[in-house]
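Tertiary structure, described
Spelled out from the first residue to the last, the chains are:
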There are 2 protein chains.
Amino acid sequence: MVEFTEFFPMWDLLASEQQATLIKASVRRVIKKGTVIYRGSTDCLGLLLLISGQLRAYILSDEGREVTLYRLFERDICLFSASCMMNSIQFEIIIEAEKDVEFWLIPAEIYKGIMSQSAVLSNYTNEIMASRFSDVMWLMEQLLWKSMDKRLAAFLLEEAALEGKGLLQITHEQIARHLGSAREVITRLLRYFQGEGLVRLRRGSIEILDFPGLESLSA
Amino acid sequence: MVEFTEFFPMWDLLASEQQATLIKASVRRVIKKGTVIYRGSTDCLGLLLLISGQLRAYILSDEGREVTLYRLFERDICLFSASCMMNSIQFEIIIEAEKDVEFWLIPAEIYKGIMSQSAVLSNYTNEIMASRFSDVMWLMEQLLWKSMDKRLAAFLLEEAALEGKGLLQITHEQIARHLGSAREVITRLLRYFQGEGLVRLRRGSIEILDFPGLESLSA
């Protein structure tokens, strides 16, 4: 079992009653792949300590276009599902289970209560937020400066690394949603990649043939 | 004179020796318009408490393109000029004086030292970062979902509000840099706006003629 100390490296510096409060308030939850766990400001769920599985945080345009901001994995803490804790968070993130997930849920008010007393917990929370901020800044730079072919190559490599194999079960439409692009653009680029011998396209899947080639394109 | 309590609403909750340490370590500085105050990770200046003037935070591409992330005004605290305080900040922001500025500078290590002891100061710092995060998320949504004509209309209105008048002393090149676009694109759009009676273009300046028109375009 993943222990709280693995989520909070500074756990031993908390007072024992603070540790007890956090443990007592935590609820273990299992959620199926595909479920939206948190949707913008409509609810204030709490912090999620991810025991297993994979979460995806994304934003949604008025027309329903999605752009993936970042992903969270085993031992990550999902902070923005408790964004109601902070007055200054004025944006709407959606968080979904990209795989079956199991997590500890710490209610926002409990966490906020301890954070208001504990400099140690507050400073650690600062670091988590700074880390997500860095993820979003990275994405922003991708969007601003990188052309779509580079982004697509990087995306395919990232997916392959996550899946542990070069055969990706993903549609062009799904890739377009991840990258905030249109399906037509992605299809055109993938055909270009296929022409270059980088990938082989099949119905509903993409096989990576040339990892070094994609890497040099994405660099 | 702008007092520390105006920057830190929770000032009275700090211990008196913490207050004394912050005050003693602070240096008052005056910097000329156009000066780059902070450049990415090359230096670790400290927190800036802006007494007067205006700062601009932006990112820079390899090719020298700039995109404005946010601006800071009187009574704002500039946190990322002390980004070395946090390990998890992995992005490079440049901060320049957009007008002549006067500020208190608190060295990063002094601030970090007090933040590590004081939950009050750490929580407040959290709120500052969340606020900047919200600024950046707003910009990201602009970049992703809004077409450039909407962004340009919003930019002209924002400039007019900042300057307190509808006659803007700004070149197309400067606007393009702010919006991460090309001068040609901005010139084309401004001519379109002029054709619609929204603005009048002059050498080195833009006069806003139709505020409600720009507002409905930017909405």
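Residues numbered from 1 in each chain as written. Chains lettered and ligands numbered in written order. Predicted model: local features only at pLDDT ≥ 70, side-chain atom pairs only at ≥ 80, totals over all residues. Heavy atoms only, no water.

What follows covers the interface of chain B and chain A. Listed per partner, the contact involves 39 residues of chain B and 39 residues of chain A. A combined buried area of about 3,400 Å² lies between chain B and chain A, and 70% of that area is made up of carbon and sulfur atoms. Broken down residue by residue, the surface that chain B buries against chain A is led by B:F133, B:M140 and B:W145, which jointly contribute 21%. Counting across the chain B and chain A interface gives 0 salt bridges. Where chain B packs against chain A, one counts 15 residue pairs in polar contact (both at pLDDT 80 or more). Mapped by element, the contributors of at least two residues to the side of chain B that touches chain A are β4 (54-60), β5 (66-73), α3 (108-117) and α4 (119-145) of chain B. For the side of chain B that touches chain A, the element with the most residues is α4(B), which contributes 20 residues. (Contact = heavy atoms within 4.5 Å. Buried area = accessible area lost by both parts, 1.4 Å probe. Salt bridge = Lys/Arg side-chain N within 4 Å of Asp/Glu carboxyl O. Polar contact = N/O pair within 3.5 Å; in protein donor to acceptor, adjacent residues only side chain to side chain. Helix = DSSP H or I, 4+ residues; strand = E, 2+ residues; numbered from the N terminus.)

Of all hydrophobic cores here, the largest spans 109 residues; its most connected members are A:F8, A:L55, B:F8 and B:L55. Broken down by element, this core gets its largest block of residues, 12 residues, from α4(B). Aside from chain neighbours lying at most four places away, what touches A:L55 is A:I37, A:L48, A:L50, A:Y70, A:R71, A:L72, A:C78, A:I95, A:E96, A:A97, A:E98 and A:V101. (Core = buried A, V, L, I, M, F, W, Y, C linked by side-chain atoms within 4.5 Å. Buried < 20%, exposed > 50% of the residue type's maximum accessible area, 1.4 Å probe, protein only.)

Next up on the list: the relation of the copies chain B and chain A. Note on the copies: chain B fits chain A at an RMSD of 0.1 Å, the axial shift is 0.0 Å, and the rotation between them is 180 degrees. Considering both components of the superposition, the chain copies are consistent with a two-fold axis. Ranked by how close their C-alpha atoms come to the rotation axis, the residues of chain B are headed by B:A119, at 1.9 Å. When the interface residues of chain B are mapped onto chain A, 100% of them are again interface residues, pointing to one common binding face. (Least-squares fit on C-alpha atoms with pLDDT ≥ 70 in both.)

Here the focus is the packing of aromatic side chains. All told, the structure shown has 20 aromatic pairs over all chains when counted by the stated rule. Taking 5.2 Å as the distance between ring centres and 85 degrees as the angle between the ring planes, the aromatic pair formed by A:F80 and B:F133 counts as edge-to-face. Here the residue A:F80 occupies a position in the loop between β6 (77-78) and β7 (94-97), and B:F133 occupies one in helix α4, the pair thus bridging two chains. Accessibility assignment for this pair places A:F80 and B:F133 in one class, buried. Here A:R132 stacks its cationic end above the ring of A:Y70, 5.4 Å away from the centre of that ring. (Phe/Tyr/Trp six-rings, centres within 6.5 Å; stacked < 30°, edge-to-face > 60°. Lys NZ or Arg CZ within 6 Å of the ring centre and 35° of its normal.)

Residue and element names in this part refer to chain A. In the structure shown here, the tally under the stated rule is 2 disulfides over all chains. Across a sulfur-sulfur distance of 1.3 Å, C44 and C84 are joined as a disulfide pair. Residues C44 and C84 are joined by a disulfide whose S-S torsion is about -50 degrees; by sign, that bridge is left-handed. Residue C44 is found in the loop between β2 (36-39) and β3 (47-52), and its partner C84 is found in the loop between β6 and β7; the two are separated by 40 residues along the sequence. We classify C84 as partly exposed; its relative accessible area is 40%. In this model C78 remains outside any disulfide bridge; the closest cysteine sulfur is found in C44, 11 Å from its own. The class of C78 is buried, set by a relative accessible area of 1%. (Disulfide = S-S within 2.5 Å.)

Further remarks concern the environment of B:M85. On the secondary structure map, B:M85 appears in the loop between β6 (77-78) and β7 (94-97). For B:M85, a relative accessible area of 3% puts it in the buried group. The sequence separation of B:M85 and B:L157 amounts to 72 residues, and the corresponding C-alpha distance is 36 Å. If we skip the residues at most four places from it in the chain, B:M85 touches A:E127, B:L47, B:L79, B:A108, B:Y111, B:K112 and B:M115.

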